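Inside the fold
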Amino acid sequence: MNRYIVLFTIFSFLGWLWEIVFCTINNHKWTKRGFLIGPIIPIYGLICSLAVAVYDIERLVLMREFKWWVVFFMG
């Protein structure tokens, strides 16, 4: 569980950083992004943590050969 909390925090911060840089370059001025007071955007952390959790579950439980389309839809 600690792993997912750390990943959530890291990816939330990196997503905030990415949006700050992208919007600042795009608007040619400093743009504050996000709705929280701190430097995180939770949607980036949530999605990346869920992706890592799905990958872990797939790796531990479903250790079979998948067809290419199954891997595509799971991704």
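Up top is the structure these notes are about.
First, a word on what this report is: a plain description of the structure on this page. All of these numbers come straight from a predicted model, not from anything done at the bench.

1. A closer look at the packing of aromatic side chains
If you walk through the whole model with that rule in mind, you get 2 aromatic pairs. Taking the centre distance of 6.4 Å and the plane angle of 15° together, the rings of Trp-18 and Phe-22 count as stacked. Within this pair, Trp-18 and its partner Phe-22 are both found in helix α1 (residues 2-27), separated by 4 residues, close to a single helical turn. Classification of Trp-18 as exposed rests on a relative accessible area of 56%.

2. A few points about the pattern of salt bridges
Within the structure shown, the criterion is met by 2 salt bridges. Between Arg-3 and Asp-56 there is a salt bridge, and its shortest N-O distance comes to 2.6 Å. Within this pair, whereas Arg-3 is found in helix α1, its partner Asp-56 is found in helix α2 (residues 42-61), the two being separated by 53 residues in sequence. You can call Asp-56 buried: its relative accessible area is 6%. Where Arg-33 meets Glu-19, a salt bridge forms, and the shortest distance between an N and an O atom there is 3.0 Å. Highlighted residues: Arg-33 in the loop between α1 and α2 and Glu-19 in helix α1, separated in sequence by 14 residues. The exposure class assigned to Glu-19 is buried, which follows from its relative accessible area of 16%.

3. Notes on α1
Between the first and last C-alpha of α1 there are 37 Å, a value that for 26 residues agrees with the 38 Å anticipated at 1.5 Å per step. Residues Leu-7, Ser-12, Gly-15, Trp-16, Glu-19, Ile-20 and Cys-23 constitute the buried set of α1. In this fold, the buried residues of α1 make contact with α2. Taken from the residues just after α1, His-28 is the one with a positive phi, measuring 60°.

4. Describing the side chain of Ser-49
For Ser-49, the location among the structural elements is in helix α2. Its relative accessible area of 10% is what places Ser-49 among the buried residues. Residues in contact with Ser-49, not counting those within four places in the same chain, are Tyr-4, Leu-7 and Phe-8.

5. A few points about the environment of Leu-14
On the secondary structure map, Leu-14 appears in helix α1. By relative accessible area, which is 42% here, Leu-14 ends up partly exposed.

About the cut-offs
Position numbers for residues start from 1 in each chain and track the written sequence from start to end. Since the coordinates come from a predicted model, pLDDT governs what is reported: local features require at least 70, and pairs of side-chain atoms require 80 or more to be given and counted, while whole-chain, interface and lining totals use all residues. In computing side-chain values, all of the structure's heavy atoms are included and hydrogens and water are not. In summary, the pairing rule links any two rings of Phe, Tyr or Trp, Trp by its six-membered ring, whose centres are within 6.5 Å, and it sorts them by plane angle into stacked for under 30 degrees, edge-to-face for over 60 and tilted for everything else. Note on conventions: DSSP H or I runs of at least 4 residues are helices, E runs of at least 2 residues are strands, and numbering of each starts at the N terminus. Each residue is assigned to one of three classes by its accessible area relative to the maximum for its type, calculated with a 1.4 Å probe on protein chains only: buried under 20%, partly exposed between the two thresholds, exposed over 50%. What counts as a salt bridge is simple: a side-chain nitrogen of Lys or Arg found within 4 Å of a carboxyl oxygen of Asp or Glu. Between the first and last residue of a helix there are one fewer steps than residues, each counted as 1.5 Å, and that sum is the expected span. In this description, contact between two residues means that some pair of their heavy atoms is separated by no more than 4.5 Å.

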